[in-house]
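# Per-entry structural report
Here is what each chain is made of, one letter per residue.
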Amino acid sequence: MVLVMTLIGEILNFRRGRWLLFGATAWLAGVANSAVMLRGDEPPRAPAAPSSLPATPQIRIIRGRSGFFERLPPRPPRDQAARAEHIARLRLEYAKPPQNWPAPLIDAGVEWQELGLLPSQPVSALDVPLEPKRQLGRLLFFDPRLSHSGQMACASCHDPDLGWADGRTVSFGTGRLSLPRNAPSIMNSAFQEAFFWDGRASSLEDQAIQVLMNPDEMNSSPEIVIQRLSQLPDYGTAFQEAFGTSEITLDRVSRALAAFERTLIGGRSRFDAFLSGKSAALSDEALSGLDLFRREARCLNCHHGPLLSDKRFHDVGLSYFGRSYEDLGRYRSTGDVADSGKFRTPSLRNITATRPYMHNGLFELENVINLYNAGMPTLVPKPDQENDPRFPKKSPLLKPLGLNPQDVADLRAFLESLEEPRTRFRPPKLPGREASPVDGAAADNFSDPR
Ligand code: HEC
Ligand code: HEC
């Protein structure tokens, strides 16, 4: 397995590897700073710190094949009484409106916005009249006839039962070929400004056309789309209602899809209830996790505002430069070496419903938290990479955190509080097709009223 061969593999794999048994695993598992051997029989190698690192005596370098992690000893856990006192203080401070919450720890120069409820979106002028556009977009989103094969719908990879993602490491494209990236959820995409992990689409309309035409994805063409839909009279009626005439164009298809996507908005998580004043909606763990997220764990530097995303692009050390998993992210669309290895900060809303994580889908939630705790990997150039201007530079906002196991559990509890209630979204009855027994009214008795 290639993953095992990589730095990330080494720090995350709990079954194999040697040096990870020292340092990485011991520490990731929260064992304190002594060189504990969990398993295996090799004595730990004392790693030499690369000269570029600040001489912080507490930081221990954990080296892998292509770079290193930085290990800060976990801070001492609070005893029961101190924790009870800490939680009681947080309850008081976070009962106030967000603008009066304790000041977050944000690095100098970072423009940030407090966490909060999603704003109510005024209906975009593009989407008027909304309801017929939404209805048409919903049909198109679930209709595989838009694809060349007639087998692949948008919903194949953005499945409402899987948080509008696909639950896979990377998606399958045409002919079941693996695509390079993990499918993000499309929920709340109304609030994003640039789409795809690297932001290469500037609107949802543009994004939809790119997927439809991509030979590796829906592999379609304007002719296929127009010809297939024109044969179905119900579509003519739906286009008439949405756009005033029954003319079917690719542009209209993309506008209806985008209108539908813009109505998929969350905002019913436990964290939202907490923000609305229901202080019991967050457990003690989640409350402590919220405070960590905003302060010691440094997450708010990039994941802020109602979406928990700054909508900007950062290199968090996962570009796998020069390796088989290499993905230089935004550089691939802008050609600017300053963008090498950068990806858009994803929203963390409903995050627990959309595993696995990161642009390559290689991680579970606990891995992600452990990686952040280790400051994320710092790649070290091989001799032949030293002068390569594309060599990615990890964001200086990432630092080893020294979180202890209780902190890690609290942070996770906060992320879990962002989960939306599960609702069953009924696939529509498609024009020219029989309704399936679970479509439409028949499904009412097992769907949540919305
Ligand atoms: C074969 C699987 C697949 C199909 C089919 C598919 N997508 Fe995607 N979608 C993906 C993947 C993978 C990405 C991320 C790709 C990237 O970032 O390079 C993505 C990204 C997106 C995004 C960007 C989300 C964000 O937060 O930036 C949107 C919106 C989207 N798809 C909508 C659609 C629509 C609309 C359709 C149908 C026209 C569709 N997708 C069909 C797999 C798919
Ligand atoms: C330097 C900015 C930055 C900081 C600080 C940061 N993140 Fe991220 N986060 C990102 C970016 C960028 C990605 C996407 C990276 C990729 O796919 O390669 C990401 C991805 C994630 C994901 C995966 C989301 C998904 O849908 O796949 C989670 C979960 C996450 N971050 C949580 C956190 C937590 C928790 C913290 C604090 C411990 C944190 N982040 C700190 C920028 C940041």
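If you're wondering where the values come from, they're calculated on a predicted model, not measured in any experiment. (Residues numbered from 1 in each chain as written. Chains lettered and ligands numbered in written order. Predicted model: local features only at pLDDT ≥ 70, side-chain atom pairs only at ≥ 80, totals over all residues.)

With respect to the element layout, R298 can be found in the loop between α11 (284–294) and β3 (313–314). Excluding its chain neighbours within four sequence positions, the residues that come into contact with R298 are L105, L397, K399 and L401. (Helix = DSSP H or I, 4+ residues; strand = E, 2+ residues; numbered from the N terminus. Contact = placed C-beta atoms within 7 Å.)

Taken in spatial order, the three strands make up an open sheet running β1-β2-β5, and their pairing is antiparallel. Across the chains shown, the open sheet's two edge strands, defined by having one partner strand only, are β1 (60–63) and β5 (378–379). When strand β2 (residues 67–71) meets β5, the two strands line up antiparallel, connected through two bridges. Within β5, the residue paired with G67 across the bridge is L379. (Pairing = 2+ DSSP bridges.)

Before going further, it helps to examine the site of ligand 1. The local shell around ligand 1 holds 26 residues, among which C154, C157, F195, F196 and W197 are the closest. Going through the elements one at a time, α5 (154–157), α6 (204–213) and α9 (250–261) are the ones with two or more residues in the shell around ligand 1. Among the elements that make up the shell around ligand 1, the one with the highest residue count is α6 (five residues). Looking at the shell around ligand 1, its residues break down into 16 nonpolar, seven polar and three charged. (Near = placed C-beta within 6 Å. Nonpolar A, V, L, I, M, F, W, Y, C, P; charged D, E, K, R; others polar.)

We now examine helix α3 (residues 80–94). Between the first and last C-alpha of α3 there are 21 Å, a value that for 15 residues agrees with the 21 Å anticipated at 1.5 Å per step. For α3, a buried count of one out of 15 residues is recorded, marking the element as mostly open to its surroundings. (Expected span 1.5 Å × (residues − 1). Buried ≥ 20, exposed ≤ 12 C-beta atoms within 10 Å, placed from the backbone.)

Okay, the nonpolar core next. In this structure, L290, F293, A297 and L411 are the most contacted members of the largest nonpolar core, which totals 42 residues. Every element with two or more residues in this core is listed here: β2, α10 (270–275), α11, α13 (365–373) and α14 (405–416). It is α11 that contributes the most residues to this core, five residues altogether. Residues within four places of A297 in sequence aside, it is in contact with L292, L401, L403 and L411. Core analysis: the second largest hydrophobic core is formed by 31 residues, L136, V211, A242 and F260 among them. (Core = buried A, V, L, I, M, F, W, Y, C linked by C-beta atoms within 7 Å.)

A few words on the environment of L411. Among the structural elements, L411 can be located in helix α14. You can call L411 buried: it has 27 C-beta atoms within 10 Å. Each C-alpha atom, one on L411 and one on G289, is 3.9 Å from the other, the two residues being 122 residues apart in sequence. Aside from chain neighbours lying at most four places away, what touches L411 is G289, L292, F293, A297 and I369.

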